[in-house]
Amino acid sequence: MLSQVVELIESKHRFMITAHVRPDGDSLGSSLALYWILVALGKDPVVIMRDRVPHAYRSLPGAASVLTMPEVTEMYDGAFVIECSDIDRPGLLGLERQHVINIDHHSTTALFGNVNWIDATASAVGEMIYNLCKALGVTPTKEIATCTYTALLTDTGSFQFSNTTERTFKIASELVRRGVEPASVSQALYYSYPYGKIKLLGLALSTLEHDASGQIAWIRVTREAMDLAGAAEEDADGIVNYALSIGDVKAVAFFKEVEDCSWRISLRSKNRINVAKVAEQFGGGGHKNAAGCSADGDYDVVCDRVISGLKDAVLGVAAV
Ligand SMILES: [Mn+2]
């Protein structure tokens, strides 16, 4: 819990911070905010990730200091693991030897840390880091505020998702008072895409299909499309949401060809439709409205099986 985290930070000096593989705005923003809080306290922190910082987050304060490596080789006084369901999620070898502080806002996380601080009421881990900052008596610097704001903004879908609360806006307001420039954060995140990402989006959207009911839609990205667009792997992130933005659509699938006849599948849904259950049928998992899995085989076969799983999920809710 929070008091244990505060006590550990106050009594120790050398820390590492990590988060899940393929880091997103909350995990990176929260990690870097914590980094700057520790710097403000005169501590010696380092952020270590298995994967490199995605293009969209490279302008975050401290992003350039993130170390990218597959293994933790040194011992630290404490290792903060941000937004991870289990100790393997950061993809870092040697992490289990550290004194681990597990910080997450998902109630489904395993209590794998020596210290576990879980707050399922927080819209983002960023909210928790902000509370930690206050509990430590640190005045949020512009760096802390910008990183925390990025975590809030991205995890709430720009303050649009159901996890957006009065507290989210209250903290966002405080962060703006501490120097965050909302327009420049949004500009860096949503108006600085590489050309290939938008080119890929065009190719992907041209594959859009829906079932007879119009409630289920799907999109595909092949290796050929990636090559044609000159896109990087991360440029396919987020495309799934365009299918979900259709008014009548309740559940969607996004198929990304990883290699020949091997597919990475992202599933999204609205409201009570549970796509995590569908992902589990394929050995994957996730949350009710956002899940993922992998499958091998011809596209037509894989697609049919996934779409029929989504149909069951949609019908299951309709029947209740
Ligand atoms: Mn989050």
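Cut-off values and rules
- Residues numbered from 1 in each chain as written.
- Predicted model: local features only at pLDDT ≥ 70, side-chain atom pairs only at ≥ 80, totals over all residues.
- Helix = DSSP H or I, 4+ residues; strand = E, 2+ residues; numbered from the N terminus.
- Rg over C-alpha atoms; globule rule 2.2 N^0.38 Å.
- Buried ≥ 20, exposed ≤ 12 C-beta atoms within 10 Å, placed from the backbone.
- Contact = placed C-beta atoms within 7 Å.
- Pairing = 2+ DSSP bridges.
- Axes fitted to C-alpha atoms, helices over the stretch in contact; angles between N-to-C directions.
- Expected span 1.5 Å × (residues − 1).
- Parallel < 35°, antiparallel > 145°, perpendicular 65-115°, else oblique.
- Left-handed = near helix turned anticlockwise from the far one by under 90°.
- Nonpolar A, V, L, I, M, F, W, Y, C, P; charged D, E, K, R; others polar.

Trainee: Looking at this structure, how should I read the overall build of the chain?
Mentor: Secondary structure summary: the chain contains eleven helices and twelve strands in total. Expected size for 320 residues packed as a compact globule is a radius of gyration near 20 Å; at 20 Å, the chain falls within 12% of this value. With the C-alpha coordinates aligned to their principal axes, the bounding extent of the chain is approximately 60 × 45 × 40 Å. Counting every position in the chain, which comprises 320 residues, the buried fraction comes to 43%. By sequence separation, contacts in the chain at least 24 residues apart represent 62% of the contacts at least 6 residues apart.

Trainee: What should I look at first to understand the sheet that holds strand 7 (residues 209-210) in this one?
Mentor: Within a sheet, adjacent strands bond to each other through the backbone by hydrogen bonds, running parallel or antiparallel. As summarised here, the arrangement of the six strands in space is 7-8-9-10-12-11, forming an open sheet in which the pairing is mixed. Here the strands that pair on one side only, and so sit at the sheet edges, are strand 7 and strand 11 (285-286). The pairing of strand 11 with strand 12 (residues 290-296) spans two bridges and is classified as antiparallel. Looking at the pairing, Gly286 lines up with Ala291 of strand 12.

Trainee: Hey, could you run me through the sheet that holds strand 4 (residues 78-82) in this one?
Mentor: The strand order across the open sheet formed by six strands is 3-2-1-4-5-6, and the pairing between neighbours is parallel. Because the sheet does not close on itself, it has two edges, and the strands there are strand 3 (67-68) and strand 6 (115-118). By the bridge criterion, two bridges tie strand 2 (residues 44-49) to strand 3 in an arrangement that is parallel. Note on strand 3: the bridge partner recorded for Met49 is Thr68. Sheet strands touched by helix 1 (residues 2-11): strand 4, strand 5 (100-104) and strand 6. Its angle to strand 6, the strand with the most contacts, is close to 130°.

Trainee: Just checking my understanding: could you explain the environment of Glu166 for this structure?
Mentor: Residue placement: Glu166 occurs in helix 5 (residues 166-177). Once the C-alpha coordinates of Glu166 and Ser65 are considered, the two residues, 101 residues apart in sequence, prove to be 33 Å apart.

Trainee: It is not clear to me how helix 4 (residues 142-155) should be interpreted in this structure. Could you clarify?
Mentor: Helical geometry note: an α-helix holds 3.6 residues per turn, so side chains three or four residues apart project in the same direction. Between the first and last C-alpha of helix 4 there are 20 Å, a value that for 14 residues agrees with the 20 Å anticipated at 1.5 Å per step. Most of helix 4 is tucked away, with 13 of its 14 residues classed as buried. Of the residues trailing helix 4, Gly157 is marked for its positive phi of about 60°.

Trainee: Would you mind going over the packing of helix 3 (residues 125-135) against helix 4 with me for this structure?
Mentor: A packed helix pair is summarised by two numbers, namely the angle formed by the two axes and the spacing between the axes. Two elements in contact, helix 3 and helix 4, have axes separated by 8 Å at closest approach and are oriented at 150°. Considering the angle they form, helix 3 stands roughly antiparallel to helix 4. The chirality of how helix 3 crosses helix 4 is left-handed. Every residue of helix 4 that contacts helix 3 at Val125, Gly126, Glu127, Ile129, Tyr130 and Cys133 is listed here: Ile144, Thr148, Ala151, Leu152 and Asp155. Of the residues that constitute the contact of helix 3 with helix 4, the class distribution is seven nonpolar, two polar and two charged.

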